[in-house]
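# Fold and contact review
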Amino acid sequence: MVSAQRNPEAPSTSDAPVEHMRGSRIGATLAGASGRELTLRGVLRPVIALGEGGLRGHALSFAVGERGDDGRLTPVELRTRNPVELERIDLTAAQQAFAALQPAPEGERPPLFFLPLSWSTVRNTTARKRLMAIAAAAQLKLRCIAVCEITGIEPGVPPSTLREVAGLLQPIFRGVLAGARGGKAEVKALTDCGFTGASIEARQSGADEAAVLRNILMLQQIGPNVLVHAVRSIASLGALRAAGASWASLEITPGAPDSAALAAQAAKPF
């Protein structure tokens, strides 16, 4: 059984504008394959379009913990879990995230929503159809455009298999990004496989502007559109914009040095 939870923590008055721009937070508990409770916690981070500036939508970021016999939560490495468990996690995360989104006003440009999905889930026909049905219904209701990120792609998957799955997802998802870590071998294996782009964590995109430029150009071999997750500084936004990245999801934390400036970027209309 899955139960939904929302984080009701109220921000202080001084942090309220920044807290507002962090995006909705989601949570759920579900039974793991071992019988132990799994706890899912996530946030819908604001995404800005680097070429245009301003808010362009939201991206789901979530983590899962497993409750041990002592009651403590241990972080779960999703790549190590079995496909059935990953499917349940993906479905729960998608349902909770879409439920947390607000419908776009009629007549306005539809916002983007980036949804991470495990490779083991999207390659499974039944699971893929269930997720596509959820996404299709949500897009109609919310007037948004869903883009999926495929995470946990195993080394050695044939390019033909990747192309097939990416093609099957695209009638519902307007873009299919490959979750990447930025290694040359990985990028080579994901190139010419039907992806519309790639996603990467900001901490893996490079330590300086030259490294960011090299890595973004390399990721664009997978596809022209690059999403960089969890950007924490205005300087990083400038480097990513100069490098040609398409979007950046913002990690806005009240009290952090650039939190107010990042929130201001996310508050700009698209």
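Scroll up for the structure.
Everything numeric in this text was worked out from a predicted model, so none of it was measured.

## Focus on the overall build of the protein chain
Along its length, the protein chain carries 9 helices and 11 strands. Taken over the C-alpha trace, the protein chain has a radius of gyration of 18 Å; the compact-globule value for 270 residues is 18 Å, and the two agree within 12%. Across its three principal directions, the C-alpha atoms of the protein chain cover 45 × 45 × 40 Å. The burial tally for the protein chain puts 49% of its 270 residues in the buried class.

## Considerations on the packing of helix H2 (residues 83-100) against helix H4 (residues 125-142)
Two numbers describe how H2 lies on H4: the axes approach to 10 Å, and their chain directions differ by 5°. With respect to H4, the axis of H2 lies roughly parallel. Contact with H2, carried on its side by Glu-87, Asp-90, Leu-91, Ala-94, Gln-95 and Phe-98, involves Ala-127, Arg-130, Leu-131, Ile-134, Ala-135, Ala-138 and Leu-142 of H4 and no other residues of that element.

## Let's talk about H4
Helical geometry note: an α-helix holds 3.6 residues per turn, so side chains three or four residues apart project in the same direction. The end-to-end C-alpha distance of H4 is 25 Å, a good match for the 26 Å that 18 residues give at a rise of 1.5 Å each. Residues Ala-127, Arg-128, Leu-131, Met-132, Ile-134, Ala-135, Ala-138, Gln-139 and Leu-142 constitute the buried set of H4. Mapping the buried residues of H4 onto a view down its axis gives an arc of 160°, with all of them on the same face. Looking at H4, the residues exposed on the side facing more than 90 degrees away from the buried face are Thr-126, Lys-129, Leu-140 and Lys-141. Its buried side turned inward, H4 meets H2, strand E6 (112-118), helix H3 (119-122), strand E7 (145-151) and helix H5 (159-169). The opening residue of H4, the one whose side-chain oxygen lies 3.1 Å from the backbone nitrogen of Thr-126, is Asn-124.

## Notes on the environment of Ser-24
Structurally, Ser-24 is set in the loop between helix H1 (16-21) and strand E2 (25-31). For Ser-24, a relative accessible area of 35% puts it in the partly exposed group. Considered as a pair, Ser-24 and Ala-97 are 73 residues apart in the sequence and their alpha carbons are 8.6 Å apart. Setting aside its immediate chain neighbours within four residues, Ser-24 contacts Gly-42, Val-43, Leu-44 and Ala-100.

## A short note on the pairing of strand E11 (residues 247-250)
Each regular strand shows side chains that alternate between the opposite faces of the sheet. A two-sided burial pattern is seen for E11, the buried positions comprising Trp-247 and Ser-249 on one face and Ala-248 and Leu-250 on the other. Bridge count for strand E3 (residues 37-49) against E11 is 3 bridges, and the pairing is antiparallel. Along E11, the bridge assignment pairs Val-47 with Ser-249. Relative to E11, strand E10 (residues 225-231) runs parallel, the two sharing 3 bridges. Of the residues in E11, the one forming a bridge with Val-228 is Ala-248. In terms of handedness, the path from E10 via helix H8 (residues 234-243) over to E11 forms a crossover that is right-handed.

Parameters at a glance
Residues numbered from 1 in each chain as written. Predicted model: local features only at pLDDT ≥ 70, side-chain atom pairs only at ≥ 80, totals over all residues. Heavy atoms only, no water. Helix = DSSP H or I, 4+ residues; strand = E, 2+ residues; numbered from the N terminus. Rg over C-alpha atoms; globule rule 2.2 N^0.38 Å. Buried < 20%, exposed > 50% of the residue type's maximum accessible area, 1.4 Å probe, protein only. Axes fitted to C-alpha atoms, helices over the stretch in contact; angles between N-to-C directions. Parallel < 35°, antiparallel > 145°, perpendicular 65-115°, else oblique. Contact = heavy atoms within 4.5 Å. Expected span 1.5 Å × (residues − 1). Arc of directions from axis to C-beta. Polar contact = N/O pair within 3.5 Å; in protein donor to acceptor, adjacent residues only side chain to side chain. Pairing = 2+ DSSP bridges. Right-handed = clockwise from strand over helix to strand, strands pointing away.

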